[in-house]
Structures are given as C-alpha cells and as structure tokens.
Amino acid sequence: MGGEKTTSRFFTPEGEEIISPVDDFDFPLLSMNSGDDEGSQDSWDSLVDQRRRDAVFREVLQSYDQLRTRIGSLTDAKNKILSYTPGAWIENVGGMTLSDYDVPKTTSLLLIGPKGSGKSSLVNRISKVFENDKFASERAQVTYNSSVGDGTYFLQEYTIPRGVRHRELVIRRSDSSSLRNRMRCKARKIGCEPSVIRKVNFVIFVVDGLAVLKPMEGNSDVEKQYDQIVATTFNCPYLSFRDDKPVVVVTHGDLLSLTDRARIRTYLGELLGIPPAKQIFDIPESSDPENELIIIDMLRYCLEHADRNLSCKSCARNKGFRVSVMAFLNLLLVLGIAIIAFKMQHLNAHRIPKSNSHVDWRAIRHLWLD
C-alpha cells in the first residue's frame, strides 16, 4: 500500500481535468490568484470546494498508510470485538447507567445493498477473521455472476462471535409474478418458516466499488442510475438511528488501484454526506492483516453506534404509560356512552302513557254556560 506513486484526478468547473502527482501522500492544494476570475464568487466557491476535496482525498490516502503502523494491535483489536457484550460500550451520559437502557440479548447488524454488491462475500470475510480454521467452507452463498444468478432471496442470520427474521423470503419489486410464485413454492417446499423476530441495532450499507467508478468516469444517464439508487437507499429514514447514518462498505477494491479506491471513498462521502475516512470502509477480497484490521474497525464502529442508540427504559415506560392512559380514557368514554344510552332507554320505558279518555268539549261548554 505505502510507497506507491499515484495521481489525484479532479475536474475544474469548466470540465478541465487536473492530474496531480502524489508521492508519499503529499501534493499541493489548489490556490487562487487575485486575477484568476476578477473576484467571481462562483469561481471562488469552486476553488474552495476543490481545496476541500483535495484535503479529504489526502486524508483517505493517508488512512491506507496508517494501517501498516497499526498491524501490531490487530490481536488486541480482535479480542475487544470477541469480548463485546450488548451494551458494553454505552456512554454514561446524562446521569444514566447501563441499567437505565433496554439492552438486547443480541446486537443485530443488518447488511443491505444493491444486487451483486458483495453482501454475502462480506459475511464470509468477517467470518474468516474470527475463525481459527482458515480452510473452513464459506458460510454465505456467493453469486459468481450477478447477471446470471438471482442473488439472495432469503434473509439469513449469521452469528459472529426494526425486525429481521431468519430464513424469511425476500420479494423484490422488480421480481416478475412467475418468479414470485416460484420462490413462494420453494419456500413452502423446504419448510422455510420465519423464526424469532430481532430488532436491528445498526445497518451496514454495501456498495460495489466498480459500479460506483463507472458514473465517476462517464456522464450517461444509465451510468448515473447506480448513484441514484445508492443515494436514495442510503437516505431512507428507516436505515438511520436518530442522527447516525449507516456505515458504508466498498467491495471489489482488489480489482482497482489504490488511487481509484481512494477516489471512490471521497466521491461517496460527498454523495452521501458522511466522512469518507471514518464512515466508509474499503474491504477488498483479500486476507492480509490490513484487510482484517479494516473489518475489525468497521465492526467496532457499528457496535459502538448500536450501543449509543439503545432506547432507555424510562422512555419505554413513559410510552407504555401514555398508551395505558389513552386506553383507560377510551374505556371511560365507551362506558359513559353506554350508561347514557341505558338511562335514556329506561326513561322511555317508564314514561307516563298518554290518556286515551275522550273529552266532550261541547258538553263542558253547556255546563259552563248553565
């Protein structure tokens, strides 16, 4: 990783490509001369944005170089993950302690991403990090050719020393009616009944680095569709926990150069509005110590934020109390209406009947006159 001479590629607002040599992660930032654009605000903003992109790109490149200096801490970092228990990394803020939170028995991390992005491969990579047997078979079925295979159709739960159910059938909107019927028949045939529902504590969003690079190189609408899918899915409110957005994992980096991998992370950071050096993890298909350390860093980030967003018991009690009060008020209202209806019916039943006697007003008149 280190010592590789690379280049950074950026584009000016006019579309001119800028290629700057990068040696040992040290390259000059853009500067603005007084006579460049006669004080144009748009030009100045563009140059400021360009300088910011250069700084972010340099930070991402430095993150690769820093991995080598942290290899010695790989064992300790792995042991911290293995010794983790739900709620272990809760921050005691606001006078609250662990007993004040609703801590789950199992912390569940949900992997989502476009078809062929590498979700199953990531599961296998994570499993390999924590398994002593490096020759054990892979746990998740990987689609070799995404254009031929159907991908994953059943949710799978993997134990690594909002609700998800193991072995639940997943139906996509793009699936045809015949495919849906065929998959439902398959699910019934193998007795695929969903199991216990688990609440999701944090989300890992997986994207294909190769698919991201294509729209960066081209301008066609077809190539931009992947970006739109990624941005729309990532910004779905159901994937966020309060202000915490999902962590992003970029796969297939082993097929790209180090410069392109850094460019992809920088580009995704700007597209999704998250820090690329801290919240976007580049996990290629390799088993070197650097990659294992990246996986551990990613899991540490997820578990820390999962604990940070646990709900407090008092909030749950208050919510239950509000529900109980509303139910009690509704019951009183129904009882009141029933009592009023019963009283009205009782009064009608005991109302004095009208007299049927006939009054001879003519005879009364004669009596009055006499």
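First things first, this report covers the structure right here in the doc. Bear in mind the structure is a predicted one, so any value in this text is a computation, not a measurement. (Residues numbered from 1 in each chain as written. Predicted model: local features only at pLDDT ≥ 70, side-chain atom pairs only at ≥ 80, totals over all residues. Heavy atoms only, no water.)

1. A closer look at the pairing of strand β6 (residues 202–208)
Taken across its seven residues, β6 has seven buried, putting it largely inside the fold. Of the two faces of β6, the one holding Phe202, Ile204, Val206 and Asp208 and the one holding Val203, Phe205 and Val207 are both buried throughout. Of the strand pairs in this sheet, strand β3 (residues 109–112) and β6 are connected by four bridges, and their pairing is parallel. From the neighbouring strand, leucine 111 faces β6, where its bridge partner is isoleucine 204. (Buried < 20%, exposed > 50% of the residue type's maximum accessible area, 1.4 Å probe, protein only. Helix = DSSP H or I, 4+ residues; strand = E, 2+ residues; numbered from the N terminus. Pairing = 2+ DSSP bridges.)

2. As for the pattern of salt bridges
Tallied over the entire structure, the rule returns eleven salt bridges. The closest approach of N and O atoms between arginine 53 and glutamate 270, which form a salt bridge, is 3.1 Å. The partly exposed category is assigned to arginine 53, whose relative accessible area is 24%. Notably, a salt bridge pairs aspartate 282 with arginine 261, separated by 2.5 Å at the nearest N-O pair. Taken together, the residues span a long stretch of sequence, with aspartate 282 in strand β8 (residues 280–282) and arginine 261 in helix α7 (residues 258–272) at a distance of 21 residues. Taking the relative accessible area as the measure of exposure, aspartate 282 reaches 2% and is therefore buried. Given a relative accessible area of 12%, arginine 261 falls into the buried group. Each of Asp49, Arg52, Arg53 and Glu270 takes part in one network of salt bridges that share partners. (Salt bridge = Lys/Arg side-chain N within 4 Å of Asp/Glu carboxyl O.)

3. Considerations on the packing of helix α6 (residues 221–234) against α7
Packing of α6 against α7 brings their axes to within 10 Å, and their N-to-C directions diverge by 55°. Taken together, the axes of α6 and α7 lie oblique to each other. Regarding α6 and α7, the two cross each other, and that crossing is right-handed. Judged by residue contacts, Lys224, Asp227, Val230, Ala231 and Phe234 of α6 engage Tyr267, Leu271 and Leu272 from α7. For the contact of α6 with α7, the residue count by class is six nonpolar, no polar and two charged. (Axes fitted to C-alpha atoms, helices over the stretch in contact; angles between N-to-C directions. Parallel < 35°, antiparallel > 145°, perpendicular 65-115°, else oblique. Left-handed = near helix turned anticlockwise from the far one by under 90°. Contact = heavy atoms within 4.5 Å. Nonpolar A, V, L, I, M, F, W, Y, C, P; charged D, E, K, R; others polar.)

4. Section: the packing of aromatic side chains
In this description, a pair of aromatic rings is defined by centroid distance and the angle of the planes. By the definition in use, this model includes five aromatic pairs. Pairing phenylalanine 202 with phenylalanine 241 gives two aromatic rings, centres 5.9 Å apart and planes at 25°, and the pair type is stacked. Here the residue phenylalanine 202 occupies a position in strand β6, and phenylalanine 241 occupies one in the loop between α6 and β7 (247–251), the gap between them amounting to 39 residues. A relative accessible area of 1% means that phenylalanine 202 is categorised as buried. What makes phenylalanine 241 buried here is its relative accessible area of 10%. Of the aromatic side chains, those joined through ring pairs into one cluster are Phe202, Phe241, Phe281 and Tyr301. (Phe/Tyr/Trp six-rings, centres within 6.5 Å; stacked < 30°, edge-to-face > 60°.)

5. Overview of the environment of glutamate 285
Mapped onto the secondary structure, glutamate 285 falls in the loop between β8 and α9 (289–308). Separated by 34 residues in the primary sequence, glutamate 285 and threonine 251 place their C-alpha atoms 7.5 Å from one another. Excluding anything up to four places from it in sequence, glutamate 285 contacts Ser121, Arg125 and Asp254. Within the structure, the side chain of glutamate 285 is placed 3.4 Å from the side chain of arginine 125, a separation counted as a polar contact. (Polar contact = N/O pair within 3.5 Å; in protein donor to acceptor, adjacent residues only side chain to side chain.)

6. Comments concerning unusual backbone geometry
For arginine 242, which is not glycine, the phi torsion reads 55° and is therefore positive. In the Ramachandran plot, histidine 252 falls in the positive-phi region, its phi being about 65° despite a non-glycine side chain. Among the secondary structure elements, histidine 252 is positioned in the loop between β7 and α7.

7. Quick notes on the sheet that holds β8
Strand order in the open sheet made by the four strands is β3-β6-β7-β8, with parallel pairing throughout. Each edge of the open sheet carries a strand with a single partner, namely β3 and β8. The sheet shows a mean angle of 25° between the axes of neighbouring strands, taken without regard to direction. Seen against the sheet, helix α3 (residues 119–130) touches β3, β6 and β7 and runs at an angle of roughly 140° to β3. Packed onto the sheet, α7 meets β6, β7 and β8 and runs at close to 160° relative to β8.

8. Brief notes about α3
Helix length check: α3 (twelve residues) gives 17 Å between terminal C-alpha atoms against 16 Å at 1.5 Å per residue, within 8%. In terms of burial, α3 is a largely internal element, eleven of the twelve residues being buried. Those residues of α3 not exposed but buried are Ser120, Ser121, Leu122, Val123, Asn124, Arg125, Ile126, Ser127, Lys128, Val129 and Phe130. Against the buried residues of α3 lie α2 (74–82), β3, β6, β7 and α9. (Expected span 1.5 Å × (residues − 1).)

9. A look at α7
For α7, built from 15 residues, the straight-helix expectation of 21 Å at 1.5 Å per residue is met to within 8% by its first-to-last C-alpha distance of 21 Å. Extensive coverage of α7 is indicated by the burial of twelve of its 15 residues. Listing the buried residues of α7 in full gives Leu258, Thr259, Asp260, Arg261, Ala262, Arg263, Ile264, Arg265, Thr266, Leu268, Gly269 and Leu272. Just downstream of α7, glycine 273 is the residue with a positive phi angle, here 75°.

Taken by themselves, the reported measurements are silent on function.
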